[in-house]
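So the chains spell out like this:
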Amino acid sequence: MKEYGIIDEILIQAPKCKNTEKLIEDLRDINLIKDNARKGKLKGYHCTKCNDKGMIYLPDGKTGIKAAECSCMKIRSDMNGVVTSGLSEMIKSRSFDTFRCDELWQRQIKSTALAFADGGADSFFFIGGQSGSGKTHICTALCEELMKAGRAVKYIRWNDTFREILSLSDNKDRQLKEKKLAETDAAEILFIDDFLKSAKPSEAEKSLAFNIIENRYIRSKTTIISSEKTLGEINEIREDIAGRIYEKTGDRFLLKIPRDINKNYRFRNRTVN
Ligand SMILES: [Zn+2]
């Protein structure tokens, strides 16, 4: 069925109507409803506000229509961040269901993450310690759970992000640098993987780490952190970073995996196979 545009309808209706201006306004409103109801083609996230068009149509003056970007575009852009950073690939093999729970400490990790998914709200989730103990796995599963609930997650791998931001010059690349930082501040949920990975972080790395954590802390924004360092070790690097994290995790969402070779999945898999 052909859909008439507003001009067609005015041409058809106008000769019959005395008040053309009122007619145009009414037709405009009918078209607004139709335009807004039209189904869009955007994928990956369903928005009831724009019906996945990414645009909403609003009245402009008495008879005009203007289009505005829908707020879901922000969520979509955060989700695209997830896609390009590889989290969506990671999610396929790292769900809560596939997280190994043979031992008590593993069950504790899982139940802490599930509690966070359920009621973490504006807190932080921190898991630090033994490499290969499933830290990235549990954080990824947690992100997936939060995304299922309609929340947008931005994923950053600490080493890549801090190197990229620090490589930008304060003068020449200032705008880009500020944009990158604003993205980590604004993300609804930020997952920082392998936080402060370097054996001896430089002063610049430490102060960038502090700025990012501080800005998430001030805004009370959900932040998920995995690190090979425990929070105690981060405290030795910079007390203010560890302090801010602890204030937001409390004891409830703070996990420390002691360095014990039995806890290394990757190593264990290799010896078993
Ligand atoms: Zn929308």
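Residues numbered from 1 in each chain as written. Predicted model: local features only at pLDDT ≥ 70, side-chain atom pairs only at ≥ 80, totals over all residues. Heavy atoms only, no water.

Draft legend 1. Examining the packing of helix α9 (residues 203-218) against helix α11 (residues 239-249) more closely. Contact geometry for α9 and α11: axes closest at 9 Å, N-to-C directions at 25°. If you check the angle between α9 and α11, you find them roughly parallel. Crossing handedness for the pair α9 and α11: left-handed. Across the interface between the two elements, Lys206, Ala209, Phe210, Ile213, Glu214 and Tyr217 of α9 pack against Asp240, Ile241, Arg244, Ile245, Glu247 and Lys248 of α11. Residues that form the contact of α9 with α11 fall into these classes: six nonpolar, no polar and six charged. (Axes fitted to C-alpha atoms, helices over the stretch in contact; angles between N-to-C directions. Helix = DSSP H or I, 4+ residues; strand = E, 2+ residues; numbered from the N terminus. Parallel < 35°, antiparallel > 145°, perpendicular 65-115°, else oblique. Left-handed = near helix turned anticlockwise from the far one by under 90°. Contact = heavy atoms within 4.5 Å. Nonpolar A, V, L, I, M, F, W, Y, C, P; charged D, E, K, R; others polar.)

Draft legend 2. View of the pattern of salt bridges. Tallied over the entire structure, the rule returns 18 salt bridges. We note a salt bridge from arginine 157 to aspartate 160, for which the minimum N-O separation is 3.3 Å. Residue classification places arginine 157 among the partly exposed residues on the basis of a relative accessible area of 37%. Close ionic contact of lysine 197 with glutamate 228 constitutes a salt bridge, the shortest N to O distance being 3.7 Å. Of the two residues, lysine 197 is situated in the loop between β5 (189-193) and α9 and glutamate 228 in the loop between β6 (223-227) and α10 (231-237); the sequence distance between them amounts to 31 residues. The class for lysine 197 is partly exposed, based on a relative accessible area of 37%. On the basis of relative accessibility, which here comes to 32%, the residue glutamate 228 falls in the partly exposed class. One salt-bridge network, held together by shared partners, links Lys154, Lys179 and Glu183. (Salt bridge = Lys/Arg side-chain N within 4 Å of Asp/Glu carboxyl O. Buried < 20%, exposed > 50% of the residue type's maximum accessible area, 1.4 Å probe, protein only.)

Draft legend 3. Expanded view of the coordination of the zinc ion. Those protein atoms acting as donors to the zinc ion are Cys47 (SG), Cys50 (SG), Cys70 (SG) and Cys72 (SG), and they sit at 2.3 Å. Coordination at the zinc ion comes from four donor atoms whose angles at the metal span 104 to 114°, giving a geometry best classed as tetrahedral. In primary-sequence terms, the residues that donate to the zinc ion follow C-x2-C-x19-C-x1-C. With cysteine 47 in the loop between α2 (20-37) and β1 (55-60) and cysteine 72 in helix α3 (residues 72-85), this residue pair connects regions lying 25 residues apart in the sequence. An identical accessibility class is assigned to cysteine 47 and cysteine 72; each is buried. (Donors = N, O, S within 2.8 Å, 3.2 Å for Na, K, Ca; no water. Tetrahedral: all angles 85-135°; square planar, octahedral: opposite > 155°, others 65-115°.)

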